[in-house]
Each structure stands twice: as structure tokens, then as C-alpha cells.
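Report on the structure
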Amino acid sequence: MSLKETVLMMTRYRAWANARTYEVVLKAPAEEVTRERKTHFRSITYTLNHVFVIDDIFRAHLTGTRHSYTSRNTTECPSVQELWQKQQALDAWYVNYTEGLHEAALDEVITFDFVDGGQGTMTRSEMLLHLVTHSQYHRGFVGDMLNQIPIKPIATDLPVYLRETRTGKD
């Protein structure tokens, strides 16, 4: 498997895993989704908002545009329904973006500024793969918070994705 095929598979996997997470979160009682908990980003919605914000920041890095974020989350948090609409659009953007990249572009180095200060340097493929692992990390926190409700999260593991997409199940 080439680097492009790997990055594209992982970008598609990320979109699939986000959809499965939101499938459960959107069915949860609204007061539980916004309830403050003993977790870094306070609630399920703020955790999902953080994932969206980082995705949006890295879209700006990848496209060489500016973003308006001054931190890794926002003061006000959109509703989970609004977040899901925004995340779906961004997930589709990332899949389309990755599909359109040439293999050589994945090795291109991009220098950017972190919102909390300092400069970073990553290749396009490193950025795209970072977003996969970053969202998976935070979906784990969301899964833990869902278990506290208690609502059982849906598995978002890579082997489950591969099984379902290779057999045509969604």
C-alpha cells in the first residue's frame, strides 16, 4: 500500500469513526451531552468541539490560509447537532482533499504557528495522520463519558471499519 493509499484509507476511517460516535451522541439525552464532567474538555460537546477546532486549524495549515482561532477550543460551544453538521462537512473536505493529492504532495513540509505559541513543521501526510490519531484519542474520552450516562458507545476501531467497508456494511 502506498503512502497515499494509507493516508486516504485513514482519512476515510476517521470520517466513518466520527459518524459512529455522533450516531450515539445524538441519541443521548441533551442534558447528558452538555453535562460538565471531570474531564479535560468539560463535556461531550466541548470535547467534540475541540476535535472540530483542531481539524479546522489544520485545514488552514494545509491550504495555506489563516484561521481565526486563538486557542484549541472555543469559549462558546455549538449544539451537538450543529457540531455534527460542521464535522460532516469537514470530514468530507478532508476525504476530497486527500483524494486529490498527488503522492509527492504528501511529503511536502509545511511550517505553521501553533495557537498557543511556537512554530511547527510537519509534512502533509503527518498532518493528516495526526488528525486521525487526535480524533481517535478524543473519541475515547467521549466513549468514557457515554459509559458514565450509561450509554454504550459503538466500536470505532480500525479493524471494525475494515471489516465493514470490505464487506459493504455501513
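Below is a summary of the structure that appears in this document. (Residues numbered from 1 in each chain as written. Predicted model: local features only at pLDDT ≥ 70, side-chain atom pairs only at ≥ 80, totals over all residues. Heavy atoms only, no water.)

**Re the pairing of strand E2 (residues 119–123)**
Sheet faces and side chains relate simply in a regular strand, where the side chains alternate between the two faces. Spelled out, the test is: If DSSP finds at least two bridges between two strands, the strands pair. Helix and strand assignments come from DSSP, with helices taken as H or I runs of at least 4 residues and strands as E runs of at least 2, each series counted from the N terminus.
Sheet analysis places strand E1 (residues 109–113) next to E2, joined by five bridges and oriented antiparallel. Its bridge partner being in E2, Phe112 is matched across the sheet by Gly120. From the end of E1 to the start of E2, which pair antiparallel, there are five residues, and Gly117 there has a positive phi angle of about 105 degrees.

**Points about the pattern of salt bridges**
Heads up, the condition is: In what follows, salt bridge is the name for a side-chain nitrogen of Lys or Arg lying within 4 Å of a carboxyl oxygen of Asp or Glu. Remark: exposure states derive from per-residue accessible area (1.4 Å probe, protein chains only) relative to the maximum for the residue type, with buried under 20%, exposed over 50%, and partly exposed in between.
A full pass over the atoms with the stated rule returns nine salt bridges. Measuring nitrogen to oxygen at the nearest pair gives 2.6 Å for the salt bridge that ties Arg37 to Glu32. Judged by its relative accessible area of 13%, Arg37 falls in the buried class. Each of Arg14, Asp55 and Asp91 takes part in salt bridges that share partners, so that together they form one network.

**Here we look at the environment of Leu106**
Note the following rule: Throughout, a contact is declared for two residues whenever any of their heavy atoms are within 4.5 Å.
Along the polypeptide, Leu106 turns up in the loop between helix H4 (80–100) and E1. Here the alpha-carbon distance between Leu106 and Lys4, two residues 102 residues apart in the chain, equals 7.2 Å. Aside from chain neighbours lying at most four places away, what touches Leu106 is Leu3, Lys4, Val7, Leu101, Thr123, Arg124, Ser125 and Leu128.

**Some points on the environment of Gly118**
Within the secondary structure, Gly118 sits in the loop between E1 and E2. The class for Gly118 is partly exposed, based on a relative accessible area of 48%. Ignoring sequence-local partners within four residues, the contact set of Gly118 consists of Phe112 and Asp113.

**As for the nonpolar core**
Applied cut-off: Here, nonpolar core means buried Ala, Val, Leu, Ile, Met, Phe, Trp, Tyr and Cys residues that are tied together by side-chain atoms lying within 4.5 Å of each other.
Val25, Ile44, Leu48, Phe58 and Leu128 are the most contacted members of the largest nonpolar core, which totals 34 residues. Those elements giving two or more residues to this core turn out to be helix H1 (3–25), helix H3 (44–63), H4, E1 and helix H5 (124–148). Ranked by residues supplied to this core, first place goes to H3 with eight residues. Not counting chain neighbours up to four residues away, the residues in contact with Val25 comprise Val33, Ile44, Leu48, Val80, Val142 and Leu146. Counting nine residues, the second-largest nonpolar core is a separate cluster that includes Ala17, Val132, Tyr161 and Leu162.

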